[in-house]
Amino acid sequence: MPTPFKRDVKTRALYQEPAPHIDKDNPFQSMMERFDVAAELLELDTGLYDVLRSPSRIHITSIPVVMDDGRLRVFEGYRVIHSEVLGPSKGGIRFAPDVHVDEVKALAAWMTWKCAVVGVPFGGAKGGVTCDPSTMSAGEVERLTRRYTANLIDVFGPDKDIPAPDMNTNEQVMAWLLDTYSMHARRTETAVVTGKPLLIGGSEGRREATGRGVMTTTLAAMERLGMRASQATVAVQGFGNVGSVAAKLLREQGCKVVAVSDVSGGYYNADGIDIDAAAAYAAEHDRSLAGFDGAEPLTNEELLALDVDVLAPCAKENQITAENAGDVKAKIVAEGANGPTTPEADAILNENGVLVIPDILANAGGVTVSYFEWVQDRQGYFWSADRVNRRLDRMMRGAFNRVYDAAETYDTSMRIGAYVIAIEKVAGALKMRGIYA
Ligand SMILES: NC(=O)C1=CN([C@@H]2O[C@H](COP(=O)(O)OP(=O)(O)OC[C@H]3O[C@@H](n4cnc5c(N)ncnc54)[C@H](O)[C@@H]3O)[C@@H](O)[C@H]2O)C=CC1
Ligand SMILES: O=C(O)CCC(=O)C(=O)O
């Protein structure tokens, strides 16, 4: 096996300290720690550094919703536009109880870097509403979505800012967003949102795209490490849109998926989980694996420490930390989720020779097919699933190779290699446009 990439060294010598209110487990801080290392490697001008670290706009909005019992509740919603340097801003919307502005800021910045790494002509944005959709009816979620969209109507637009699904949002939520926007615009505007149903301008392959990108980049990493898919074991944390599809597609490539998990806990079977059965079970049980009997129970912590070849964290931020990174036995960590590994954990994984395929590369399949969807909507001409998947695989493979090569050139991790590519591209565009003149 090739020598693992070297541990990253950061000095913060050139750049300002992060804002003092940001604590160390904060996702924005976590993003900035990696940004700082890459900026130093690039010897990035300190002025450009300041521009790139700062979101271009933060929208915070109160969303009044009449609940089914007649009570009026007010939710807080966000849309952070991190950058529009490479094109209109792009990024998902998340509905979750722990959504907060610094999380959305980090997710928006990750979108900027992700689009640049994979080569789609978008800037970065992200949205979120602090709410618990598991306790809300479909009608309540629809009213929340429509009011959130109406409040941000001037922000969104096919040439301005284009949302998509993320945690706890789906095609139906995107359809409500499209409809609300179109009512205000007085015309049907399909390209204002991606990840929507096929019937109203969605793309073949978008639902599976993020998991598919996780599969493609994992296979590319296996090739680099001389591993065979047919002999590889896999554990997947999170069994939603990303995790369930990644598990299914890796299984189809010959891997043995021995463990999956969701918020209800983990499920282990040394002979391999029947992923179709698990997906069918979750579909029938309100998206939950609780009670799935095709496997033995284990905790999410135990899943992360399993003796497998590939670990795919596909749930949420800060799952692999300084406390548990030393227990990770996988040779490859494929980050389906955004921000699942803390900077301290990165250092431990690098030291232990684990190849981490960073989130801004591994999960970029979603935004890549969102780009294809936007292109198709604007042309009014729709592609076959085969065409979408072939183009996606080509772009993910190309991005993987560029990041791997950058990591070798700079003698660093794939994560920092990915940041180097992204920052170089966005900073270059910024200078060329003269914004920084
Ligand atoms: N949906 C998409 O196209 C994209 C999603 N992502 C990222 O992938 C991650 C997952 O997103 P989706 O699959 O869309 O969300 P989802 O809402 O469809 O699924 C989330 C899954 O994670 C599980 N989960 C939540 N908390 C957990 C915990 N503490 N431990 C274990 N499992 C837990 C849930 O039970 C569920 O199975 C997020 O970080 C998201 O930002 C990244 C790129 C694109
Ligand atoms: O498909 C998109 O536009 C964005 C998906 C997303 O939110 C992400 O990649 O984190």
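For every chain, the first residue of the written sequence is number 1, and numbering continues from 1 along that sequence. In the order they appear in the text, chains get letters beginning with A and ligands get numbers beginning with 1. Residue-level local features of this predicted model are given only where pLDDT is at least 70; pairs of side-chain atoms are given and counted only at 80 or more, and the full residue set underlies all totals for whole chains, interfaces and linings. Hydrogens and water molecules were not included; the side-chain quantities draw on all heavy atoms of the structure.

1. Section: the sheet that holds strand 3 (residues 89-96)
Hydrogen bonds along the backbone pair up the strands of a sheet, which may run parallel or antiparallel. Following DSSP output, two strands are said to pair if at least two bridges run between them. Helix numbers and strand numbers start at the N terminus; a helix is a DSSP run of H or I with at least 4 residues, a strand a run of E with at least 2. As summarised here, the arrangement of the 5 strands in space is 1-2-4-3-5, forming an open sheet in which the pairing is mixed. A strand with exactly one partner marks an edge of an open sheet, and here the two such strands are strand 1 (57-66) and strand 5 (161-165). Strand-to-strand twist in this sheet, taken as the mean axis angle between neighbours without regard to direction, amounts to 25°. For strand 3 and strand 5, the ladder comprises 5 bridges, and the chain directions are parallel. Angular values range over 0 to 180 degrees, each being the angle between N-to-C directions of two axes fitted as lines to C-alpha atoms, with helices fitted over their stretch in contact.

2. Here we look at the packing of aromatic side chains
For Phe, Tyr and Trp, rings pair up if their centres lie within 6.5 Å, where Trp contributes its six-membered ring, and each pair is then called stacked (planes under 30 degrees apart), edge-to-face (over 60) or tilted (otherwise). Following the criterion strictly, the structure yields 11 aromatic pairs and no others. Relative to Tyr-404, the ring of Phe-400 has its centre 5.9 Å away and its plane inclined at 25°; by these criteria the two rings are stacked. With Phe-400 and Tyr-404 both in helix 13 (residues 385-409) and 4 residues apart, this pair spans about one turn of that helix. Taking the relative accessible area as the measure of exposure, Phe-400 reaches 0% and is therefore buried. Of note, Arg-224 hangs over the ring of Tyr-404, and the distance from its end group to the ring centre comes to 4.1 Å. The criterion is that NZ of a Lys, or CZ of an Arg, lies within 6 Å of the ring centre and within 35 degrees of the ring normal, and then a charge sits over that ring. Note that Arg-391 overlies the ring of Trp-383, its terminal NZ or CZ placed 4.6 Å from the centroid. Classification of residues uses two cut-offs on accessible area relative to the type maximum, computed with a 1.4 Å probe and protein chains only: under 20% is buried, over 50% is exposed, and between them is partly exposed.

3. A closer look at the pairing of strand 1
As judged from the 10 bridges shared by strand 1 and strand 2 (residues 72-83), these two strands associate in the antiparallel manner. Across the sheet, Arg-57 pairs through a bridge with Ile-81, a residue of strand 2. The antiparallel pairing of strand 1 with strand 2 creates a hairpin that spans 5 residues between the two strands, and Gly-70 there sits at a positive phi of about 95°.

4. Topic: the pattern of salt bridges
Salt bridges are defined as contacts in which a side-chain nitrogen from Lys or Arg sits within 4 Å of a carboxyl oxygen from Asp or Glu. Scanning all chains against the criterion turns up 29 salt bridges. In this structure, the salt-bridge partner of Arg-143 is Asp-68, at a minimum N-O distance of 2.9 Å. Here Asp-68 lies in the loop between strand 1 and strand 2 and Arg-143 lies in helix 4 (residues 138-151), a separation of 75 residues in the sequence. Judged by relative accessible area, Arg-143 falls into the partly exposed class, the value being 34%. On the accessibility criterion, Asp-68 (51% relative accessible area) is exposed. For Asp-179, the salt bridge goes to Arg-146, with nearest N and O atoms at 2.9 Å. A residue pair is termed long-range when its members are at least 10 positions apart, and Asp-179 in helix 5 (residues 171-185) and Arg-146 in helix 4 qualify at 33 residues. Judged by relative accessible area, which is 32%, Asp-179 ranks as partly exposed. What emerges from the salt-bridge pattern is a single network uniting Arg-34, Glu-335, Asp-346, Asp-359 and Arg-415.

5. Describing the site of ligand 1
The environment of ligand 1 is formed by 23 residues, the closest being Arg-94, Asp-166, Thr-210, Asn-241 and Asn-338. Whenever two N or O atoms come within 3.5 Å, that pair is a polar contact, provided that in protein one can donate a hydrogen and the other can accept it, and provided that, for residues adjacent in sequence, both atoms are side-chain atoms. Between ligand 1 and Phe-239, the relevant distance is 3.0 Å, taken from an oxygen atom to a main-chain nitrogen or oxygen of the residue. One nitrogen or oxygen atom from the main chain of Gly-336 is found 3.4 Å from an oxygen atom belonging to ligand 1. Under this grouping Gly is polar, as are all residues other than the nonpolar Ala, Val, Leu, Ile, Met, Phe, Trp, Tyr, Cys and Pro and the charged Asp, Glu, Lys and Arg. For the shell around ligand 1, the class distribution of residues is 7 nonpolar, 10 polar and 6 charged. An automatic or database domain assignment supplies the residue ranges for each domain. Structurally, the shell around ligand 1 is a two-domain feature, drawing no fewer than three residues from each of domain 2 (55-192) and domain 3 (209-357). Proximity criterion: a residue is near a molecule or strand once any of its heavy atoms comes within 4 Å of it.

6. Points about the packing of helix 4 against helix 5
Two numbers describe how helix 4 lies on helix 5: the axes approach to 9 Å, and their chain directions differ by 45°. If you check the angle between helix 4 and helix 5, you find them oblique. Considering the relative orientation of helix 4 and helix 5, their crossing is right-handed. Residues Ala-138, Val-141, Glu-142, Thr-145, Arg-146, Thr-149 and Ala-150 of helix 4 form the contact with helix 5, whose own contacting residues are Val-173, Trp-176, Leu-177, Asp-179, Thr-180, Tyr-181, Met-183 and His-184. For the contact of helix 4 with helix 5, the residue count by class is 8 nonpolar, 4 polar and 3 charged. Oblique is the label for any angle not under 35 degrees, not over 145, and not in the 65 to 115 range, which are roughly parallel, roughly antiparallel and roughly perpendicular in turn. The hand of a helix crossing depends on one turn: near helix anticlockwise from the far one by less than a right angle means left-handed, and clockwise means right-handed. Between two residues, a contact is recorded if the distance between any of their heavy atoms is within 4.5 Å.

7. Digging into the confidence of the model for the chain
Residues of the chain with pLDDT of at least 70 account for 94%, and the chain-wide mean is 94. Known as pLDDT, the predictor's confidence for each residue is given on a scale from 0 to 100. pLDDT under 50 marks residues 1-22. Its contacts with residues more than four places away, or in other chains, come to 57 contacts. On the interface metric, ipTM, the complex scores 0.99, and its pTM is 0.95.

8. Some points on the site of ligand 2
Around ligand 2, a shell composed of 14 residues is seen, among which Lys-90, Gly-92, Lys-114, Lys-126 and Ser-370 lie nearest. Contact distances for ligand 2 include 2.9 Å between an oxygen atom and a side-chain N or O atom of Arg-206. Separating an oxygen atom of ligand 2 from a side-chain N or O atom of Ser-370 is a distance of 2.6 Å. Alone, ligand 2 offers 300 Å² of accessible surface; in the complex the protein occludes 96% of this. If you list the elements that add at least two residues to the shell around ligand 2, you get strand 3, helix 3 (101-118), strand 5 and helix 12 (365-379). Considering only residue class, the shell around ligand 2 consists of 4 nonpolar, 5 polar and 5 charged. Throughout, the Shrake-Rupley method with a 1.4 Å probe supplies accessible areas, and for residues the shown protein chains are the sole cover considered.

9. With respect to the domain arrangement of the chain
Parsing the chain into structural domains produces domain 1 (1-54 + 412-437), domain 2 (55-192) and domain 3 (209-357). Two parts placed together each lose some accessible area under a 1.4 Å probe, and adding up what both lose gives the buried area. Regarding the contact of domain 1 and domain 2, the summed buried area is about 1600 Å², with carbon and sulfur atoms giving 71% of it. Our enumeration of links across domain 1 and domain 2 arrives at 6 residue pairs in polar contact (both at pLDDT 80 or more). When contributions to the side of domain 1 that touches domain 2 are tallied by element, the ones reaching two or more residues are helix 1 (27-42), helix 2 (46-53) and helix 14 (414-433).

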